[in-house]
Amino acid sequence: MTSPERAVARVRLDAIRRNCEHLRLLLGDDAQLCAVVKADGYGHGAPESARAAQEGGATWLAVATADEAAELRREGLDGRVLVMGALTAADTRTAVDAEADVVVWDARFLDSIPTGGAHPPRVHVKLDTGMGRLGTKDPGEARALIERADSDPGVELAGLMTHFATADVLGDLHFPAQLERFRAFVAELGDRREDIFVHAANSAATFRDRACHFDMVRCGVAIYGLDPFQEDPGPRGLDPALGLVSYVAAVKRFEPGESAGYGRRWTASEPTFVATIPIGYGDGWRRALTNDCDVLVRGRRRALVGTVSMDNLTVDLGPDTDVQAGDLAVLIGVQGEERILCEEVAARMDTINYEVTCGLSARVTRRHER
Ligand SMILES: Cc1ncc(COP(=O)(O)O)c(C=O)c1O
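Predicted model, so just to flag it, every value in this text is computed and none were measured.

K.L.:
Sorry if this is basic, but what is going on with the layout of surface pockets here?
P.N.:
Any space left empty among the atoms is revealed by the rolling of a water-sized probe across them. Empty space within the largest pocket amounts to approximately 600 Å³. Every residue lining the largest pocket is counted, 28 residues in all, and those nearest its centre are Lys-38, Tyr-42, Arg-133, His-163 and Tyr-354. Elements with a minimum of two residues in the lining of the largest pocket: helix H2 (38–42), helix H9 (203–208), strand S9 (216–219) and helix H11 (353–358). Considering every element that reaches the lining of the largest pocket, the biggest residue donor is H2, with three residues. Residues of the lining of the largest pocket, tallied by class, amount to 17 nonpolar, six polar and five charged. As a volume, the second largest pocket reaches approximately 300 Å³. Considering the residues around the second largest pocket, the lining is formed by 22 residues, among which Leu-242, Gly-243, Ile-332, Gly-333 and Val-334 are closest to the centre. Ranked by residue count, the leading element in the lining of the second largest pocket is strand S16 (residues 328–335), at five residues. Class assignment for the residues of the lining of the second largest pocket results in 13 nonpolar, three polar and six charged.

Shown next, in the form of structure tokens:
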């Protein structure tokens, strides 16, 4: 038997590749897939995920920061990279040096983009159709930026984009309203439309409405096999790429009245066995899961009991157990017939699957498997 490891995120790169292939099949004829690998590939490892996404047919990569773009280049990733976030002057230099496309929404930023490199930096104008974050809300300003970028030999106008606020809220009316605003703006571009990349959809929008695929979709969460609607990803054809495993470090018998963890937030009501698993909020397994989560050991769900601490948590094995120190503990993933989805953990943490995988700390070893 191989020796167990303390906290490992196993990332199946084939799953990322297949999820990308699956997403591409959903796309309109000419739409391309941009794989969003910001925040270290939503915790899955950015360069490895990016490579797997490219194998699955992604032709673009997107990140939030200039440093993330530079890291992809250092790791040898080629192809188009879009930096979607706000950039300081120093960040802009980094992004341009990494030959990444950048996003603009005001003339001052456009003017400050460094020129003089091998190619004019490529810019995407962002219209804020209702997200209320980055981008200009004023279609007139967006039009002026397009004209200005068009006539400035120092930059290349490469794209026009927006971002949806509620694509993951089924039945919500803000999403179609945003789409309509964007469509009307795109329609006004006339002939200019042919030469630029128009893009709007995140994962949820990609599933929700083909009308928002335009020339490219920017999918993040779905490429990792996580469900953008916080449901079981299976029925949408997505395969979760990440599993989180630890092991049983100790098994102890508890008598009624004995407690586990800080604050004595759980006390045995009858004789039972309790396993200690050496993973905790220092690894991203949040304290909010205290007394409210399951862990798989020997193919069965075991209730987390007591307080999640920085480095350990405890689970109740019941009065009669065959569990031994050294057994594998699965916090996300499949064991035997049982499965714990990231979406389940997220619901228990009162958050979304994105935050669960992004929240896994650097202390968790990432192991990339085929
Ligand atoms: C501008 C933009 N586009 C696309 C995405 C990808 O979103 P998702 O992970 O929901 O597919 C994000 C992620 O937050 C984003 O900020």
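Let us keep going from here.
K.L.:
Explain empty space enclosed by the protein to me, please; I cannot follow it from the model alone.
P.N.:
In this structure the tally under the stated criterion is one cavity of 30 Å³ or more. The computed volume of the largest cavity comes to approximately 30 Å³. Along the walls of the largest cavity sit His-44, Tyr-224, Leu-226, Pro-240, Ala-241, Leu-242, Ile-332, Cys-342 and Thr-357, which together make up its complete lining. Its residues assigned to classes, the lining of the largest cavity comprises seven nonpolar, two polar and no charged.

K.L.:
How should the environment of Ile-332 be read in this particular structure?
P.N.:
Position of Ile-332 among the secondary structure elements: in strand S16. Its relative accessible area of 4% is what places Ile-332 among the buried residues. Each C-alpha atom, one on Ile-332 and one on Leu-289, is 13 Å from the other, the two residues being 43 residues apart in sequence. Excluding anything up to four places from it in sequence, Ile-332 contacts Leu-242, Gly-243, Leu-244, Trp-285, Ile-340, Cys-342, Val-345 and Val-356.

K.L.:
Explain the side chain of Thr-290 to me, please; I cannot follow it from the model alone.
P.N.:
By the element assignment, Thr-290 lies in the loop between strand S12 (272–277) and strand S13 (294–297). Within polar-contact distance, the side chain of Thr-290 engages the backbone oxygen of Arg-287 at 2.7 Å. The contact partners of Thr-290, leaving out residues within four places of it in the chain, are Arg-265, Leu-304, Gly-306, Thr-307 and Val-308.

Cut-offs applied
- Residues numbered from 1 in each chain as written.
- Predicted model: local features only at pLDDT ≥ 70, side-chain atom pairs only at ≥ 80, totals over all residues.
- Heavy atoms only, no water.
- 1 Å grid on protein atoms, 1.4 Å probe; cavity = no way out; pocket = protein on both sides within 12 Å on 5 of 7 lines; lining within 4 Å.
- Points joined across faces, edges and corners; volume = space filled by probe spheres on them.
- Helix = DSSP H or I, 4+ residues; strand = E, 2+ residues; numbered from the N terminus.
- Nonpolar A, V, L, I, M, F, W, Y, C, P; charged D, E, K, R; others polar.
- Buried < 20%, exposed > 50% of the residue type's maximum accessible area, 1.4 Å probe, protein only.
- Contact = heavy atoms within 4.5 Å.
- Polar contact = N/O pair within 3.5 Å; in protein donor to acceptor, adjacent residues only side chain to side chain.

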